[in-house]
Amino acid sequence: MTIEKALVVGTGLIGTSVALALRETGVEVHLSDVDAEAADLARELGAGREWTGGEVDLAVIAVPPHLVGERLAELQKQQVARAYTDVASVKAEPIADAERLGCDLDSYVPGHPLAGRERSGPAAARADLFSGRPWALCPGPGTGADAVRLVRELVSLCGAKAVTVAADEHDSAVALVSHAPHVVASAVAASLAAGGDVALSLSGQGLRDVTRIAAGNPVLWQRILAGNAVAVAALLDRIADELAAAASALRSGDLAEVTDLLWRGVEGHARIPANRQAPR
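### Observations regarding the state of the cysteines
- This structure, assessed with the given rule, holds 0 disulfides.
- Unpaired in terms of disulfides, Cys-103 finds its nearest cysteine sulfur in Cys-138, a separation of 16 Å.
- Under the relative-accessibility criterion, Cys-103 is labelled buried at 11%.

Okay, structure coming up:
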């Protein structure tokens, strides 16, 4: 089950990075995108050649979550590949769409590489973006063994580590470690809009660390959050309760409660695995 030829549909940050990683291993990569300028730039960067039809071993669908099912149905109708996967940041929604559209779930392995940058588009792509990173795979009960083997080979060629997880569990997990933190970072960054020049001149690396991911593409993130809204909202409620309690304690002078939150923050931070980029 060797990948010799692949199609990447969508030439944003993740799709182009997948293509660059595959090209470095000698895979023949073809690119397709409704955004002609993005596809042209990805080709100029050496990510692959223009897709003109024909059969490939694997098709990687790198489009926003709400479009995955539609693209999968189109590709399967043309019998483009032996196996198909996607890289969307949520999994339950694309799987439900694929089922509704009558896609062949035997050849489809839902996936999500836990890697990203605050920059978007093909110009931000890197062949080593996935190196050492976890890559979630969410095969269903009807997913074929051959499709799973091909997609696991994709993960290996990109330098990542495959982690098999149920779709619902995946969405709950990324709400905790990625989606809710992005909204919180955005809330902190949004408060800076009203800050004076003197205040911002005193900002340091700590503020940059806290708000770095808030520089992500708002349109892309709106689509991601819409696909995982319930899980993210529940976490934001919990975080809001923590912040409200801290604010109340500060007003009353009860620093013990605030200190408890700070210590729990230290404990939670210590659980983050070392040497990992922020997932998207």
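### Examining helix H4 (residues 92-100)
- Among all positions of H4, only Pro-94, Ile-95, Asp-97 and Ala-98 are buried. Taken down its axis, H4 places every buried residue within 160 degrees of arc, on the same side.
- On its buried face, H4 sits against helix H3 (65-77), strand S6 (108-109) and helix H6 (167-191).
- Phi for Gly-102, located one or two positions after H4, is positive at around 75 degrees.

### Focus: the pattern of salt bridges
- One pass over the full model with this rule turns up 10 salt bridges.
- When the shortest N-O distance is used, the salt bridge between Arg-126 and Asp-128 registers 3.0 Å.
- Of the charged contacts, one joins Asp-146 and Arg-149 as a salt bridge, the two residues approaching to 2.2 Å between their closest N and O atoms. You can see Asp-146 and its partner Arg-149 sitting in helix H5 (residues 145-157), 3 residues apart, about one turn around the helix.
- Connected through shared salt-bridge partners, Glu-242, Asp-260 and Arg-264 make up one network.

### Quick word on the nonpolar core
- Ranked by internal contacts, the top residues of the largest apolar core, which has 36 residues, are Val-18, Phe-130, Trp-135 and Leu-154.
- For this core, the secondary-structure elements that each account for two or more residues are strand S1 (5-9), helix H1 (13-24), strand S2 (28-32), strand S4 (56-61), strand S8 (134-137) and H5.
- By size, the runner-up hydrophobic cluster in this structure holds 24 residues, among which are Val-9, Ala-59, Val-68 and Ile-95.

### Quick word on the packing of aromatic side chains
- Evaluation of the coordinates by the stated rule reveals 1 aromatic pair.
- When the ring of Phe-130 is compared with that of Trp-135, the centres are 5.1 Å apart and the planes differ by 50 degrees; the resulting orientation is tilted. Each member of the pair, Phe-130 as well as Trp-135, is classed as buried.

### Here we look at the packing of H6 against helix H9 (residues 218-226)
- In contact at an axis separation of 11 Å, H6 and H9 are set at 130 degrees when each is read in the N-to-C sense. When the axis of H6 is compared with that of H9, the two are oblique. The handedness of the crossing between H6 and H9 comes out as left-handed. Of the residues in H9, those in contact with Ser-178, His-179, His-182 and Val-183 of H6 are Trp-221, Ile-224 and Leu-225.
- A breakdown of the residues in the contact of H6 with H9 according to their chemical character gives 4 nonpolar, 3 polar and no charged.

Rules used throughout
- Residues numbered from 1 in each chain as written.
- Predicted model: local features only at pLDDT ≥ 70, side-chain atom pairs only at ≥ 80, totals over all residues.
- Heavy atoms only, no water.
- Disulfide = S-S within 2.5 Å.
- Buried < 20%, exposed > 50% of the residue type's maximum accessible area, 1.4 Å probe, protein only.
- Helix = DSSP H or I, 4+ residues; strand = E, 2+ residues; numbered from the N terminus.
- Arc of directions from axis to C-beta.
- Contact = heavy atoms within 4.5 Å.
- Salt bridge = Lys/Arg side-chain N within 4 Å of Asp/Glu carboxyl O.
- Core = buried A, V, L, I, M, F, W, Y, C linked by side-chain atoms within 4.5 Å.
- Phe/Tyr/Trp six-rings, centres within 6.5 Å; stacked < 30°, edge-to-face > 60°.
- Axes fitted to C-alpha atoms, helices over the stretch in contact; angles between N-to-C directions.
- Parallel < 35°, antiparallel > 145°, perpendicular 65-115°, else oblique.
- Left-handed = near helix turned anticlockwise from the far one by under 90°.
- Nonpolar A, V, L, I, M, F, W, Y, C, P; charged D, E, K, R; others polar.

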